[in-house]
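Read off the chains here:
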Amino acid sequence: MRIVNERDIAVVKTGHGTAKYLIGDPTQQDVSVIIRNWGPEANLPLHSHPFDEMWYVLDGEVNFGDQTCMAGTCIFIPADAAYGPITAPKGVTLLRYADSGGGAPVDGERIRQQRVIGANPATALFVNERDIAVVKTGHGTAKYLVGDPRRRGPNVIIRFWGPQANLPVHSHPFTEMWYVLQGEVNFGSAMCGQGTCIFIPPGDVYGPITAPKGVTLLRYAADGEAAVDWEQVRRKQGAGST
């Protein structure tokens with residue numbers, strides 16, 4: 001598990017604005033988490049990537065093609081789905097998770113040629129958390145923005161936990177990324193405040209999780225499946241050793 005707060009990361013200039021590289025390197029074949037800042041000068045052309053991406057608008061607004069995305073909008077882009085152009089006339093700050101990286105994106109002309117022959121049917125999904133109902137969960141409440149964590153496939157959730165939350169030590173067989181939108185949360189002994197990114201590789205054991213002061217988190221999971229409860233595992237191991 002890796003924990004980093006965006007306040008501790010340097011701002012770097014990019015081709016269309018500035019960025020903070022929280023996790024990984026988007027030029028390499030690895031998972032990456034980035035905060036992007038774009039202004040009126042930004043104009044990214046139609047393109048695609050061969051991996052899943054998730055964007056979340058933290059502040060401002062951005063245009064993905066003909067879709068205007070305000071703060072609280074989640075944009076899930078399946079592998080090979082074409083999107084763009086991207087503009088931000090009023091300025092925007094976004095969180096971007098990418099399942100991989102490296103290599104040049106597929107440009108617009110090639111995408112247009114592929115569309116002519118019927119390739120690349122995948123499309124981006126846009127949803128604002130204000131349009132999603134709050135549901136009760138075992139440790140608090142949640143909004144399911146993309147997918148369903150109880151089923152296979154990528155999913156994006158906003159979790160709300162309060163003082164009653166106490167999640168045990170556990171693990172998942174897939175990659176997770178948590179981002180603290182508001183409040184603070186304890187992942188084991190690590191206190192994570194607003195702007196903290198928690199990256200958890202498949203199989204990493206973490207917890208317990210508590211939120212004495214309350215917290216709102218964005219969670220991206222590369223798949224959906226029940227967690228491994230390590231307290232139960234320990235109890236079973238202990239019973240087997242007697």
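Counting restarts for each chain: residues are numbered from 1 in the order of the written sequence. With pLDDT at 70 or above as the cut-off, local features in this predicted model cover only qualifying residues; side-chain atom pairs require 80 or more to be listed or tallied, and sums for whole chains, interfaces and linings still use all residues. Remark: hydrogens and water are excluded; side-chain values derive from all non-hydrogen atoms of the structure.

K.L.:
Break down the overall build of the chain for me, citing the residues and quoting the values.
P.N.:
Helix numbers and strand numbers start at the N terminus; a helix is a DSSP run of H or I with at least 4 residues, a strand a run of E with at least 2. Helix and strand counts for the chain come out as two helices and 25 strands. Partly exposed describes any residue whose relative accessible area lies between the buried limit of under 20% and the exposed limit of over 50%, with all areas from a 1.4 Å probe on protein chains only and scaled to the type maximum. Buried residues in the chain amount to 50% of all 242 residues. Considering only intrachain contacts with a sequence separation of at least 6, the fraction spanning at least 24 residues in the chain is 68%. Of the roughly 11,600 Å² of accessible surface on the chain, a fraction of 52% belongs to carbon and sulfur atoms. Contacts are residue-level and defined by heavy atoms, with any inter-residue pair within 4.5 Å sufficient. Areas reported here follow the Shrake-Rupley algorithm with a probe of radius 1.4 Å; residue values treat only the protein chains shown as occluding.

K.L.:
Any details on unusual backbone geometry? Residues and values, ideally.
P.N.:
The amide bond that connects Gly84 to the next residue, Pro85, takes the cis arrangement and shows omega of -5°. Positionally, Pro85 belongs in the loop between β9 (73–77) and β10 (86–87). In this model, Gly207 is joined to Pro208 through a cis peptide bond whose omega is -5°. For Pro208, the location among the structural elements is in the loop between β22 (196–200) and β23 (209–210).

K.L.:
Describe the pattern of salt bridges, with residues and values.
P.N.:
The salt bridge definition used is simple: a Lys or Arg side-chain nitrogen within 4 Å of an Asp or Glu carboxyl oxygen. This structure, assessed with the given rule, holds seven salt bridges. Note that Arg151 is salt-bridged to Asp148, the shortest N-O span being 2.5 Å. The class of Arg151 is exposed, set by a relative accessible area of 55%. Asp148 gets classed as buried once you look at its relative accessible area, which sits at 15%. A salt bridge links Lys213 to Glu184; the shortest N-O distance between them is 3.8 Å. Of this pair, Lys213 sits in the loop between β23 and β24 (215–221) while Glu184 is found in the loop between β19 (176–183) and β20 (185–187), placing the two residues 29 residues apart along the sequence.

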